[in-house]
Each structure stands twice: as C-alpha cells, then as structure tokens.
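# Fold and geometry: a report
Read off the chains here:
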Amino acid sequence: MPTKPPTFRNKAQLERIADRKRQARPETNKIYDGAWRRLRRHHLAANPLCVECFKLDKIVEATVVDHIQPVAIAPDRRLDPTNFRSCCQSCRSIMSQNWKANGINEVPNRRS
Ligand SMILES: [Zn+2]
C-alpha cells in the first residue's frame, strides 16, 4: 500500500509555522512567551527525565515542563523555576486530567 512520503521542513519553515500557531492563540502567548520558552529549554536541559516516571523507576525522556502550581492559581509563579517539573507527555496528560477532574495537579498514585 503506498504511503505518503515524509515532509521535510527547514528550520525557517518550522519557525514560521510556530509563529503562526502562536499568533492564533493570544491568550496562550501571554503565559508561554519568550521568557517562558527560554526557562523551559534550560529546565529540560538540566532535568531531562520525567519526574513522575522516575518515581516508578522508569527512565523516560521529559518533553514537557509543567507548572507544579498551575498558572491559573499561581500566575506569579509562572516563571519561578522552583515551580517547574519535567515530565513526559503521557504523565502531563494524566496530571492535566486529574487537575480538571479533581483540582489536583499530580499523577494519581499508580503503585496501588
Ligand atoms: Zn512520565
């Protein structure tokens, strides 16, 4: 069965696409501005593993920097590195669901 060939984009094309996405979400841009993106990149470099997976003795690369206290309830801690934690997309999704359902921004205990 024929498959679509992969699309290759250079760095300038990827940046234009990211700029268009940012312009489409002005509310999100106030939270995830240039200062945030720079801090996020440094945090991931210094903390490359998912902290939630690590608690379960799993080594998983972190791709997301999460606010321990969500920006919605602690906007003053948006750029506070002590409020950051590295996590993988899977753990971030679980935490996000738990936050929306129960107001707890943590992964429910998965050991039990
Ligand atoms: Zn994880």
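Residues numbered from 1 in each chain as written. Predicted model: local features only at pLDDT ≥ 70, side-chain atom pairs only at ≥ 80, totals over all residues.

## A look at the overall build of the chain
Rules: Secondary structure elements follow DSSP: runs of H or I no shorter than four residues count as helices, runs of E no shorter than two count as strands, and numbering proceeds from the N terminus. Restricting the calculation to C-alpha atoms gives the radius of gyration, and the globule rule supplies 2.2 Å times the number of residues raised to the power 0.38. Each residue gets a C-beta atom placed from its backbone, and two residues are in contact if those atoms lie within 7 Å.
From N to C terminus, the chain includes five helices and two strands. Going residue by residue from the N terminus, the α and β elements of the chain occur as α-α-α-α-β-β-α. Over its C-alpha trace the chain gives a radius of gyration of 17 Å, far above what one expects of a compact globule, namely 13 Å for 112 residues. Nonlocal contacts in the chain, meaning residues at least 24 apart in sequence, comprise 52% of its contacts between residues at least 6 apart.

## Some details on the nonpolar core
For the record, the criterion: Buried Ala, Val, Leu, Ile, Met, Phe, Trp, Tyr and Cys residues form a nonpolar core when they are connected through C-beta atoms within 7 Å. Exposed residues have 12 or fewer other C-beta atoms within 10 Å of their own C-beta, buried residues have 20 or more, and partly exposed residues fall in between, where C-beta atoms are placed from the backbone.
If you look at the biggest cluster of nonpolar residues, it comprises seven residues: Cys50, Cys53, Ala62, Cys87, Cys91, Met95 and Val107. Every residue in contact with cysteine 50, bar those within four places of it in the chain, is listed here: Val60, Ala62, Ser86, Cys87, Cys88 and Cys91.

## Overview of unusual backbone geometry
The backbone of aspartate 57 shows a phi angle near 60°, a positive value even though the residue is not glycine. Tracing the backbone through its elements, the reader meets aspartate 57 in the loop between α4 (51–55) and β1 (64–67).

## Here we look at helix α5 (residues 89–102)
To keep things clear, this is the line we draw: To estimate the expected span of a helix, subtract one from its residue number and multiply by 1.5 Å. This arc is built from the directions going out from the helix axis to the C-beta atoms.
If you check α5, its first and last C-alpha atoms are 19 Å apart, about what 14 residues at 1.5 Å a residue would give, namely 20 Å. Where α5 is concerned, the buried positions are Cys91, Arg92 and Met95. One side of α5 holds all its buried residues, which, seen down the axis, span an arc of 100°. Those residues of α5 that are exposed and angled more than 90 degrees off the buried face are Gln89, Gln97, Lys100 and Ala101. Positive backbone phi, at 70°, marks glycine 103, one or two positions downstream of α5.

## A short note on the environment of isoleucine 59
Position of isoleucine 59 relative to the elements: it lies in the loop between α4 and β1. With 9 C-beta atoms counted inside 10 Å, the residue isoleucine 59 sits in the exposed group.

## Notes on the confidence of the model for the chain
Put simply, the test is: Within a predicted model, pLDDT stands for the predictor's per-residue confidence, ranging from 0 to 100.
Summing up the model confidence of the chain, the mean pLDDT is 88 and the portion of residues at 70 or higher is 97%. For the chain, the element scoring lowest by mean pLDDT is helix α2 (residues 26–31), at 72; strand β2 (residues 84–87) scores highest, at 97.

## Thoughts on the environment of serine 93
Structurally, serine 93 can be placed in helix α5. The spacing of serine 93 and valine 107 is 14 residues in sequence and 9.1 Å in space, taken between C-alpha atoms.

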